[in-house]
Amino acid sequence: MSCKYEKEEGNNPKPVPKGPENFRLHSAASNLSDNVKSVMEPRTIMYPPKYQKLSQVWLENLDTIDEKKLGLLELHPTVFATNPRIDLIHQNARWQTLYRYVSYAHTKMRFEVAGGGRKPWPQKGLGRARHGSIRSPLFKGGGVIHGPRSPTPHFYMLPFYTRILGLTSTLSVKFAQDDLHVVENLEIPTEEPSYLEELVKSRNWGPSVLFVNVEDIMPRNITVATDVFKHFNLMPVYGLNVYSMLKHDTLVLTRAAVDHIENKIMQHLHKNDTRSVMAKYKVDQA
Amino acid sequence: MSKTTDKALNLMRHLPRVCLANIRDNPGSGKKRSRGRAQHGGDYHGAGNKGSGQRQNFMRLGYETGNNPFYLRFPWEPYYRGHHLRRQYPPLSMLDLQKLIDTNRIDTSKPIDLVAIMNTGLYRLFPDQRQFGVQLTDEGADIFCAKINLEVQWANELVIAAVEKAGGVISTAYYDPHSLQAMVNVKKFFERGVPIPRRMMPPPDAMEYYSDPSKRGYLADPEKISEERLVLAQKFGYSLPKIEDDPNYEMLVEKKDPRQIFYGLHPGWIVNLKDKVILKPQDEELLRYYAS
């Protein structure tokens, strides 16, 4: 889309906004026409990019079923239009499933299997192979060598900046695939679940939607409305993670959540005392 | 935005939605497990085949199969004498310092000391390993152009000349390990809630260096230091900039007390970061103890 837009810039200096697609990707504010500038929402950007154009996203509403565009928001390309590293997204998703996974698969070793204390038959004179126990791993029903032992934790820590880049990659993928929407807030007029269902359906937001707010106490109406649906979920911004973003088709962020995410990530990408977070994760072993 | 990123994001628009079912790591990034018998693939467990590797009958350390061993041939190594007591000054080159200044990691409008260098996060110091501060080395002295008030722990003649030629002031100062420990991570030190310690005087063998005006020692006579500044300028053949006429004269001549560790903070004070207050001792005895 950005290619198309940039081509148009040459012969038509004042492109008229038609739909969200025209302005989804990166165009500098200075090149924009006056009526686009008028819909620009004011926003302060931490560490503004020197050589990249800011990305833009429509600010939408939730208080009517039909979509209304309230304005354009500028987003930092380092967070919302960075290189979509599928490998980092994968590593994050894998880590999130594994770090809390404990394998309880268990096999018994020869000393744990009941019986087998007696020598099954004399050492010599029978013409049979010599054996000392019927629970030896050579025997059927005997102990198992190198079998799984319970509990086997699969905890490990992903490097800090792999986690950060996982978030930016996933947000960028969601944004590039039109699966990221920004709303003013999560207030809806009614607590009827059908309202939300209809809204999501009419806006083609995919079956599953993740609503992200800054505060963890959500507005009452949306809490009641999403309660009956397992595929509409609410999440505070501090819980935002790669796995949940991938699990839901659409990500709906409030404007404050966008600010919060962007500030937090830019802070981590620009701080100078990274050594403490990059240090190897130590599991406290008593 | 790089072209690759732009292309990748444009491509994303035409690809199916990225979800848990269609992501994967880069091919070849994982370790492939080779089939083997038993846990270690049926090998010799790293011991090799036969001999001392397998039987673990290694020769004792230093034994050279019948030769007169090295440690007996040269039993006396005087250059290592007292190595565990010597002071170390890990290097920081002038090029590095210039780079830190150019990238706005160090503020030149204030005096620069070890705390300012540590706060960049790009220099590491371990006082418990007998490291006693920064040694400014002369690499990059020819391009050094910052006008600064600098305090380091060790500097040679060329470094001093380079700083003074650029219109700055340099001094060498000693800090004892306790003071250094407070300086390497100031926030951590303040969070401990203990009073700022009194900086100790240099040990006898360092006294000579730190009271030498030609080394710009912090205990040297200021009169003699200004003499030495002229002498050095004549030796290296540059005209000494007049710092008296400098608009930042106050900053350039700012010096710490020999007992002081942090600029603006005196020994005995407690900095409370939580309530943002500084607690100063009132007791007569404490005041006498922390007095310079």
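Residues numbered from 1 in each chain as written. Chains lettered and ligands numbered in written order. Predicted model: local features only at pLDDT ≥ 70, side-chain atom pairs only at ≥ 80, totals over all residues. Heavy atoms only, no water.

Caption draft 1: Fine view of the overall build of chain A. Counting secondary structure elements, chain A contains 10 helices and 8 strands. The burial tally for chain A puts 43% of its 286 residues in the buried class. Counting contacts in chain A only where the partners sit at least 6 residues apart, residues at least 24 apart contribute 71% of the total. For chain A, the exposed area adds up to about 15800 Å²; of that, 54% sits on carbon and sulfur atoms. (Helix = DSSP H or I, 4+ residues; strand = E, 2+ residues; numbered from the N terminus. Buried < 20%, exposed > 50% of the residue type's maximum accessible area, 1.4 Å probe, protein only. Contact = heavy atoms within 4.5 Å. Areas by Shrake-Rupley, 256 points an atom, 1.4 Å probe, with all protein chains shown as cover.)

Caption draft 2: Structural detail: the packing of aromatic side chains. According to the stated counting rule, one finds 16 aromatic pairs over all chains in the structure shown. On the numbers, 4.8 Å between centres and 40 degrees between planes, the contact of Trp95 of chain A with Tyr99 of chain A is tilted. Taken together through their ring pairs, the aromatic side chains of Tyr89, Phe132, Trp154, Tyr174, Tyr209, Tyr210 and Tyr218 of chain B make up a single cluster. Directly above the ring of Tyr289 of chain B sits Arg198 of chain B, whose terminal nitrogen or CZ lies 4.4 Å from the centroid. (Phe/Tyr/Trp six-rings, centres within 6.5 Å; stacked < 30°, edge-to-face > 60°. Lys NZ or Arg CZ within 6 Å of the ring centre and 35° of its normal.)

Caption draft 3: Inspection of the sheet that holds strand S8 (residues 250-254) of chain A at higher detail. All names here are of chain A. Strand order in the open sheet formed by 6 strands is S2-S1-S5-S8-S6-S7, with mixed pairing between adjacent strands. If you trace the sheet from one side to the other, it starts and ends with strand S2 (69-75) and strand S7 (232-236), each paired once. Across the sheet, the mean angle separating the axes of adjacent strands is 30 degrees when strand polarity is ignored. Here strand S6 (residues 209-213) runs beside S7; their pairing, made up of 5 bridges, is parallel. By the bridge assignment for S7, Phe211 is matched with Leu234. (Pairing = 2+ DSSP bridges. Axes fitted to C-alpha atoms, helices over the stretch in contact; angles between N-to-C directions.)

Caption draft 4: Broad picture of the nonpolar core. Within the largest apolar cluster, 53 residues are counted, with the highest numbers of intra-cluster contacts made by Leu97, Leu136, Leu150, Ile170, Ile196 and Phe262 of chain B. When contributions to this core are tallied by element, the ones reaching two or more residues are helix H4 (94-102), helix H5 (114-119), strand S3 (149-152), helix H6 (157-165), helix H7 (177-184), helix H8 (186-192), helix H9 (204-210) and helix H10 (222-236) of chain B. Take this core: its biggest share by element is 5 residues, from H6 of chain B. Counting residues in hydrophobic clusters, the runner-up holds 26 residues, among them Leu73, Phe80, Phe175 and Leu251 of chain A. (Core = buried A, V, L, I, M, F, W, Y, C linked by side-chain atoms within 4.5 Å.)

Caption draft 5: Structural detail: helix H1 (residues 3-14) of chain B. Residues and elements named next belong to chain B. In this model H1 runs 17 Å from its N-terminal to its C-terminal C-alpha over 12 residues, within 8% of the 16 Å that 1.5 Å per residue would give. Within H1, the full set of buried residues consists of Thr5, Asp6, Leu9, Asn10, Met12 and Arg13. Taken down its axis, H1 places every buried residue within 150 degrees of arc, on the same side. Facing away from the buried side of H1 by more than 90 degrees, the exposed set consists of Lys3, Thr4, Lys7, Leu11 and His14. (Expected span 1.5 Å × (residues − 1). Arc of directions from axis to C-beta.)

Caption draft 6: Looking closely at the domain arrangement of chain A. When cut into domains, chain A gives domain 1 (37-99 + 155-275) and domain 2 (103-153). Computed over C-alpha atoms, the centres of domain 1 of chain A and domain 2 of chain A are 55 Å apart. (Domains from an automatic or database assignment.)

Caption draft 7: Inspection of the UniProt feature "domain: Large ribosomal subunit protein uL15/eL18" (unreviewed entry) in chain B at higher detail. Per the UniProt record, "domain: Large ribosomal subunit protein uL15/eL18" (unreviewed entry) is found at residues 92-170 of chain B. Taken end to end, residues 92-170 of chain B is 30% helix and 16% strand, and its two terminal C-alpha atoms sit 15 Å from one another. (UniProt positions renumbered as here; feature names shortened; annotations may be inferred.)

Caption draft 8: Just the sheet that holds strand S2 (residues 135-137) of chain B, in detail. All names here are of chain B. The parallel open sheet is built from 3 strands, whose spatial order is S1-S2-S4. The open sheet has two free edges, formed respectively by strand S1 (91-93) and strand S4 (154-155), since each of these has just one partner strand. Across 3 bridges, the pairing between S1 and S2 is parallel. Looking at the pairing, Pro91 lines up with Gln135 of S2. Contacts from H4 reach S1 and S2 within the one sheet, and its direction differs from that of S1 by about 65 degrees.

Caption draft 9: Region of interest: the confidence of the model for chain A. The pLDDT averaged across chain A works out to 87; a share of 86% of its residues lies at or above 70. The low-confidence segment residues 1-30 of chain A (pLDDT under 50) makes 57 contacts with residues lying over four places distant or belonging to another chain. (pLDDT = per-residue confidence, 0-100.)

Caption draft 10: Expanded view of the interface of chain A and chain B. With 34 residues of chain A at the contact, the number on the chain B side is 24 residues. Both faces combined, the contact of chain A with chain B buries some 2600 Å², and carbon together with sulfur accounts for 55% of it. Seen at the junction of chain A and chain B, the total is 3 salt bridges. For Asp179 of chain A, the salt bridge identified is with Arg17 of chain B, shortest N-O distance 2.9 Å. In this assembly, chain A and chain B are joined by 11 residue pairs in polar contact (both at pLDDT 80 or more). (Buried area = accessible area lost by both parts, 1.4 Å probe. Salt bridge = Lys/Arg side-chain N within 4 Å of Asp/Glu carboxyl O. Polar contact = N/O pair within 3.5 Å; in protein donor to acceptor, adjacent residues only side chain to side chain.)

Caption draft 11: Looking closely at a nonpolar patch on the surface. Residues and elements named next belong to chain A. There is a patch of nonpolar side chains on the surface, built from Tyr99, Phe155 and Tyr281 and spanning about 300 Å² of accessible area. Structurally, Tyr99 can be placed in the loop between helix H4 (86-98) and strand S3 (102-103). Given a relative accessible area of 32%, Tyr99 falls into the partly exposed group. (Patch = residues over 30% accessible without salt bridge, like charges linked within 9 Å, V, L, I, M, F, W, Y side chains within 5 Å.)

Caption draft 12: Local environment of helix H6 (residues 193-202) of chain A. Residue and element names in this part refer to chain A. If you check which residues of H6 are buried, you get Tyr195, Leu196, Leu199 and Val200. Along the axis of H6, the buried residues cluster in a sector spanning 125 degrees; they form a single face. Within two residues after H6, Asn204 carries a phi angle of roughly 55 degrees, on the positive side.

Caption draft 13: Representation of the packing of helix H5 (residues 160-176) of chain A against H1 of chain B. Following both chains from N to C, one finds H5 of chain A and H1 of chain B inclined at 55 degrees, their axes separated by 8 Å at the closest point. One finds that H5 of chain A runs oblique with respect to H1 of chain B. Between H5 of chain A and H1 of chain B the crossing geometry is right-handed. Facing Ser172, Val173 and Ala176 of chain A of H5 of chain A, the residues of H1 of chain B in contact are Leu9, Met12 and Arg13 of chain B. Taken together, the residues that form the contact of H5 of chain A with H1 of chain B break down as 4 nonpolar, 1 polar and 1 charged. (Parallel < 35°, antiparallel > 145°, perpendicular 65-115°, else oblique. Left-handed = near helix turned anticlockwise from the far one by under 90°. Nonpolar A, V, L, I, M, F, W, Y, C, P; charged D, E, K, R; others polar.)

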